[in-house]
Amino acid sequence: MISASAVNSENSLDTLRHSTAHVLAQAVLDLWPGTFIAIGPPVEDGFYYDFYLPGGKHFTQEDLALIETKMRDIVAQDQPFIRKECSTKEALNLFKNQPFKQEIIETIQNENTGDKKVSLYYNPPGEFVDLCRGPHVESTGKLGAFKLIRISGAYWRGDEHREQLQRIYGTAFNTREELESYLAQLVEAEKRDHRKLGAELDMFYFLPEIGGGLPVFSPKGALVRHLMEAYSVEKHLASGYQLVWTPHLARSELFETSGHLQWYQENMYPPMEMEGVTYYPKPMNCPLHISLYANKLHSYKELPLRLFEFGTVYRFERSGVLHGLTRVRGLTQDDSHIFCAPEQLGHELTGVLEFVVQMLGAFGLREFDAELATRPDKFVGDIAEWNFAEEALRQALGASGIDYSVAEGEGAFYAPKIDIHLRDAIGRRWQVSTIQVDLQLPQRFDLSYIGPDNTKHRPFMLHRALFGSVERFMAILIEHYAGALPTWLSPVQVKVLAVRDTHEEYAKYVVFHLRERSFRAEVSLADEPLGARVRSAKLEKIPYVLVVGDDDVNGHTVGVNARGSSKALRGVGLEEFYQRLEQEVVSHG
RNA sequence: GCCCGUGUAGCUCAGUGGUAGAGCAGCGCACUCGUAAUGCGCAGGUCAGGAGUUCGAAUCUCCUCUCGGGCUCCA
């Protein structure tokens, strides 16, 4: 038997957090004897432990402080973490009052491996023992700074048909400073919440009478969307994509052919029948783009054929999962399907990856990593094709210079894929772009092109989206910039404030000329004190607040207040200001 | 969908069984001002909705709905 955990002072965060989770469980058992404990792993930002309180009792937010106090007692006692091994039979007996632990042990028992031993961690002199693979810190006194964050629900083994447990989330770090800085980041994230900023900046709303997950965009938000889409369309056209447009509904036969009714129906809105024909709202654009491709005969000389559309799709999401613009029921994908010859696949993938970096970079997002998801156990198609596609994806990733990891077996059943994540201004990771090599649909739709040998060949097909969805990407931009969108994307770029009513005519003149140069400008008349109007323009996060008074009327100048700068520039010539603005917009600064 | 929490004016929030409140925003009047809140006034609410308990309910109970945190799923 091994007496102590094999750890040293350099505890990994996972070990630290895992040990903290044990102490959480011990504290809960002390406070609520008879609690059934489930599992308590470390997660990305901390750890959790799942509990089931017998007798229909539930934790409340106030209990967290109580539990934390108890945890600090256990830390003060500096209980050692002692590892022991025993047979599954002994373990079943030891945990006879812990049904969830028993279930885990039974699972281990039923696994087809020779070793039927399990490891346990004791915290003497306390009675707490947990079934655990380890490793752990030496003793509870070695825990770092921790805090319990929130309570939520969770299903046993993630199965909604099983017991609903209560999950307590916490986080832990080696030092108090790291914990404080993490907590500060949570506060910062809350301030940047796009749902809050979206309403404050008058960009979009969720109206109960319209329905959950169905955002409406007011003029400012609609303008931002338009600017995003216009830029994207321009770049797609410049990169050899062709713009198409497909309707929001299509006949059920299409989705039968594509397999969506078989595989994806639970996310589809129900059908509607007109004149004996059944239609579904499209949950994806691919079947429609494919129909367009299949509509006529294609020569190898046309390939690669890149069809692009801002396609609005509808997906039923259960009410509980909706979340601002990042999880909605109606979304618009910057969607393209690329049809190419097998030998063109690698080149196309490389091109798409370059395009991703270029496109997201234009929006000020420059830190990426990727995940290559490979063939799952349950898959369709031919293994040789899977290997060919995976290898092409791997090579494209290697050439792109993007950091990537491989998620074995995480691909969709019909496609290996690359998911691109970006990191925002406060270090959070967001999944945005996705690139898939579809190994199903070309067969299902019997797609072909005529090769140089004058016979039919099967094309490869890529799905790809760069923003992912416009709505979600807008949410990411709002949070990344904390609402202060770069000038080229700001719905109002300039606000011109007249000092007194005698300056209003000049202020209107400046706005007129700004608009003439395609800048988005508004005038603010002298009906409130200047200070109040400066304040409200700043709160709207307008990039440039111009103040015009006597000196400016006489000198044909403006007073410039740039966003983020505390001091104003007086007497800037109009032409000079136009040029500065022009340059900033063109450079996406 | 499920568990927990939440819901009072457009927004942020006070009000715990006895006549619905404040600040901001809005509207009106006055103020005409050089850089982050001018003053006065007016208007604004089926206290999410429904049912119940009570002499009396924003307040207590039950049901429904919304929103939030998660689970699951994914863009």
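Residues numbered from 1 in each chain as written. Chains lettered and ligands numbered in written order. Predicted model: local features only at pLDDT ≥ 70, side-chain atom pairs only at ≥ 80, totals over all residues. Heavy atoms only, no water.

**Brief notes about the domain arrangement of chain A**
Part 1 of the reasoning: Once the domains are mapped, chain A shows domain 1 (2-192), domain 2 (210-246 + 285-479) and domain 3 (487-586).
Part 2 of the reasoning: In this structure, domain 2 and domain 3 have C-alpha centres spaced 41 Å apart.
Part 3 of the reasoning: Every contact between the two is made by 9 residues of domain 2 and, on the other side, 6 residues of domain 3.
Part 4 of the reasoning: Three residues stand out in domain 2 for area buried against domain 3, namely Lys 220, Leu 223 and Leu 227, and they jointly supply 60% of the buried area on that side. (Domains from an automatic or database assignment. Contact = heavy atoms within 4.5 Å. Buried area = accessible area lost by both parts, 1.4 Å probe.)

**A look at helix H4 (residues 99-110)**
A turn of α-helix holds 3.6 residues, and therefore any two residues three or four places apart point the same way.
Part 1 of the reasoning: Here H4 is 12 residues long and its end C-alpha atoms lie 16 Å apart, about the 16 Å a rise of 1.5 Å per residue gives.
Part 2 of the reasoning: When H4 is considered as a whole, its buried residues turn out to be Phe 100, Lys 101, Glu 103, Ile 104 and Ile 105.
Part 3 of the reasoning: Buried positions along H4 lie against strand E1 (36-37), strand E3 (46-52), helix H3 (88-94), strand E6 (129-131) and strand E8 (164-173). (Helix = DSSP H or I, 4+ residues; strand = E, 2+ residues; numbered from the N terminus. Expected span 1.5 Å × (residues − 1). Buried < 20%, exposed > 50% of the residue type's maximum accessible area, 1.4 Å probe, protein only.)

**Looking at the state of the cysteines**
Part 1 of the reasoning: Tallying each qualifying case throughout the model produces 0 disulfides.
Part 2 of the reasoning: With no disulfide of its own, Cys 286 lies closest to Cys 340 among cysteine sulfurs, the gap being 16 Å.
Part 3 of the reasoning: Judged by relative accessible area, which is 2%, Cys 286 ranks as buried. (Disulfide = S-S within 2.5 Å.)

**Observations concerning helix H18 (residues 574-586)**
Part 1 of the reasoning: Between its first and last C-alpha atoms H18 spans 18 Å; for 13 residues at 1.5 Å apiece the expected length is 18 Å, and the two agree.
Part 2 of the reasoning: Taken together, the buried positions of H18 are occupied by Leu 574, Phe 577, Tyr 578, Leu 581 and Glu 584. All buried residues of H18 project into a common sector of 130° when viewed along the axis, lining one side. Opposite the packed face of H18, turned more than 90 degrees from it, sit the exposed residues Glu 576, Gln 579, Gln 583 and Val 586.
Part 3 of the reasoning: Residues of H18 that are buried make contact with strand E24 (494-498), helix H15 (504-516), strand E26 (544-548), strand E27 (557-562) and strand E28 (569-573). (Arc of directions from axis to C-beta.)

**Let's talk about the pairing of strand E18 (residues 404-407)**
Part 1 of the reasoning: With 4 bridges joining them, strand E17 (residues 368-373) and E18 adopt parallel strand pairing. Looking at E18, one finds that Ala 373 is bridged to Ala 407.
Part 2 of the reasoning: A crossover links E17 with its parallel partner E18, the connecting element being helix H12 (residues 383-400), and its sense is right-handed. (Pairing = 2+ DSSP bridges. Right-handed = clockwise from strand over helix to strand, strands pointing away.)

**A word on the pairing of strand E14 (residues 277-281)**
Part 1 of the reasoning: Bridge count for strand E12 (residues 249-251) against E14 is 3 bridges, and the pairing is antiparallel. Along E14, the bridge assignment pairs Ala 250 with Tyr 280.
Part 2 of the reasoning: With 3 bridges connecting them, strand E13 (residues 272-274) and E14 associate as antiparallel partners. Each residue of the ladder has a partner; that of Glu 273, found in E14, is Thr 278.
Part 3 of the reasoning: Counting the residues between successive antiparallel strands, the hairpin from E13 to E14 contains 2 residues, one of them, Glu 275, with a positive phi of roughly 50°.

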